[in-house]
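Reading the structure
Chain by chain, the residues:
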Amino acid sequence: KVEFGPGAPPPPPKDTTPPVINITAPANGAMAGKAGANCTVTGMVDDPAVTSVSVNGTAAAVTGGAWSAVVTLVSGANSITATATDPAGNAGQAQVTVTLDDKPPFLKFKVIDLEAKTFSGQAEPGCKLNMNGKPLGTDANGFFKVQLDAGFKGVLKFDAVDAAGNTNSKSFEIAWARANNWLRS
């Protein structure tokens, strides 16, 4: 039994409350492209007495409750866990999942019909597709068809950009002649 003399305050209760930490970026479920393999993770912690913040085991820089760290992502789904520890040893955690898509979107041509002057093909579903700098529509599966103007001569450049920012390009030079049609890629 501990007794206190007259006027001596009792000791403060032991701190058992973990700090609240959150991740403000990247968002849970975010997609990163090849350029985002080194991912900056940022967040806030509510306890000014926090002694350390780590992200996937790497120390984060902490200033006034805001923190940041850089983690290296691998291809596919990546779990990012931020942990804040206070002076009493209590730890709070926050977690997000980020997917690294480091592959360019596919872009292929199914039919190149020089007689009918049409191109058809498929790009990765959901990617943005341009032909010679202008948007080219696709269906839900990424299929597209292009009808060329009679007498078109020149280069067709197809550019695909997926949700992660990865790119793929293909170009074709087209020339029409009376006796001879040719295509060069």
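Residues numbered from 1 in each chain as written. Predicted model: local features only at pLDDT ≥ 70, side-chain atom pairs only at ≥ 80, totals over all residues. Heavy atoms only, no water.

Glancing now at the overall build of the chain. Helix and strand content of the chain: zero helices and 17 strands. Burial status across the chain gives 34% buried among its 185 residues. Pairs at least 24 residues apart make up 55% of the contacts formed inside the chain by residues separated by at least 6 positions. If you sum the accessible surface of the chain, you get close to 11000 Å²; carbon and sulfur atoms cover 53% of it. (Helix = DSSP H or I, 4+ residues; strand = E, 2+ residues; numbered from the N terminus. Buried < 20%, exposed > 50% of the residue type's maximum accessible area, 1.4 Å probe, protein only. Contact = heavy atoms within 4.5 Å. Areas by Shrake-Rupley, 256 points an atom, 1.4 Å probe, with all protein chains shown as cover.)

Our next topic: the environment of Thr83. When you line up the elements, Thr83 lands in strand 8 (residues 76-85). Leave out the neighbours within four places in its chain, and Thr83 touches Ile21, Ser52, Val53, Ser54, Ala91, Gly92 and Gln93. Here the side chain of Thr83 touches Gln93 through a polar contact of 3.1 Å, side chain to side chain. (Polar contact = N/O pair within 3.5 Å; in protein donor to acceptor, adjacent residues only side chain to side chain.)

Time to look at the sheet that holds strand 9 (residues 91-100). Sheet architecture is open: five strands sit in the order 2-9-8-4-5, paired in mixed fashion. Each edge of the sheet is formed by a strand with only one pairing partner; in this case those strands are strand 2 (31-32) and strand 5 (58-59). The pairing of strand 4 (residues 52-55) with strand 5 spans two bridges and is classified as antiparallel. Considered in strand 5, the bridge of Ser54 is made with Ala59. (Pairing = 2+ DSSP bridges.)

The geometry of an aromatic ring pair comes down to the distance between the two centres and the angle between the two planes. By the definition in use, this model includes five aromatic pairs. Ring geometry for Phe109 against Phe158: centres 4.9 Å apart, planes inclined by 65°, an arrangement best described as edge-to-face. Here Phe109 is found in strand 10 (residues 107-113), whereas its partner Phe158 is found in strand 15 (residues 154-161), with 49 residues between them in sequence. For the pair Phe109 and Phe158, a shared accessibility class is recorded, and that class is buried. Taken together, the ring pairs connect Phe109, Phe144, Phe158 and Phe172 into an aromatic cluster. (Phe/Tyr/Trp six-rings, centres within 6.5 Å; stacked < 30°, edge-to-face > 60°.)

In total, this model carries two salt bridges according to the counting rule given. The salt bridge involving Lys103 is made with Asp102; its shortest N-O contact spans 3.5 Å. Take Asp102: its relative accessible area is 26%, and that puts it in the partly exposed class. Salt-bridge contacts for Lys157 lead to Asp159; the nearest nitrogen and oxygen are separated by 3.5 Å. Its relative accessible area of 38% is what places Lys157 among the partly exposed residues. (Salt bridge = Lys/Arg side-chain N within 4 Å of Asp/Glu carboxyl O.)

In this section: the nonpolar core. In a soluble, globular protein the nonpolar side chains are often hidden away together inside. Ranked by size, the top nonpolar core spans 21 residues in total, and within it Ile21, Val41, Val55, Trp67, Leu73 and Ile80 carry the most contacts. Of the residues forming this core, the biggest block, four residues, is contributed by strand 9. Beyond its immediate chain neighbours, meaning those up to four positions away, Val41 contacts Ile23, Ala25, Pro26, Val55, Trp67, Ser68, Ala69, Val71 and Ile80. Counting residues in each nonpolar core, the second largest holds 16 residues, with Phe119, Leu136, Ala160 and Phe172 among its members. (Core = buried A, V, L, I, M, F, W, Y, C linked by side-chain atoms within 4.5 Å.)

In this section: unusual backbone geometry. Following Ala25, the chain continues to Pro26 via a peptide bond in cis, the omega torsion being 0°. Tracing the backbone shows Pro26 in the loop between strand 1 (21-25) and strand 2. Positive phi values are uncommon outside glycine, yet Asn56 reaches one of about 50°. Tracing the chain through its elements places Asn56 in the loop between strand 4 and strand 5. A positive phi angle is found at Asn132, which is not glycine, with a value near 50°. Within the fold, Asn132 resides in the loop between strand 12 (128-131) and strand 13 (134-135). Its relative accessible area of 38% is what places Asn132 among the partly exposed residues.

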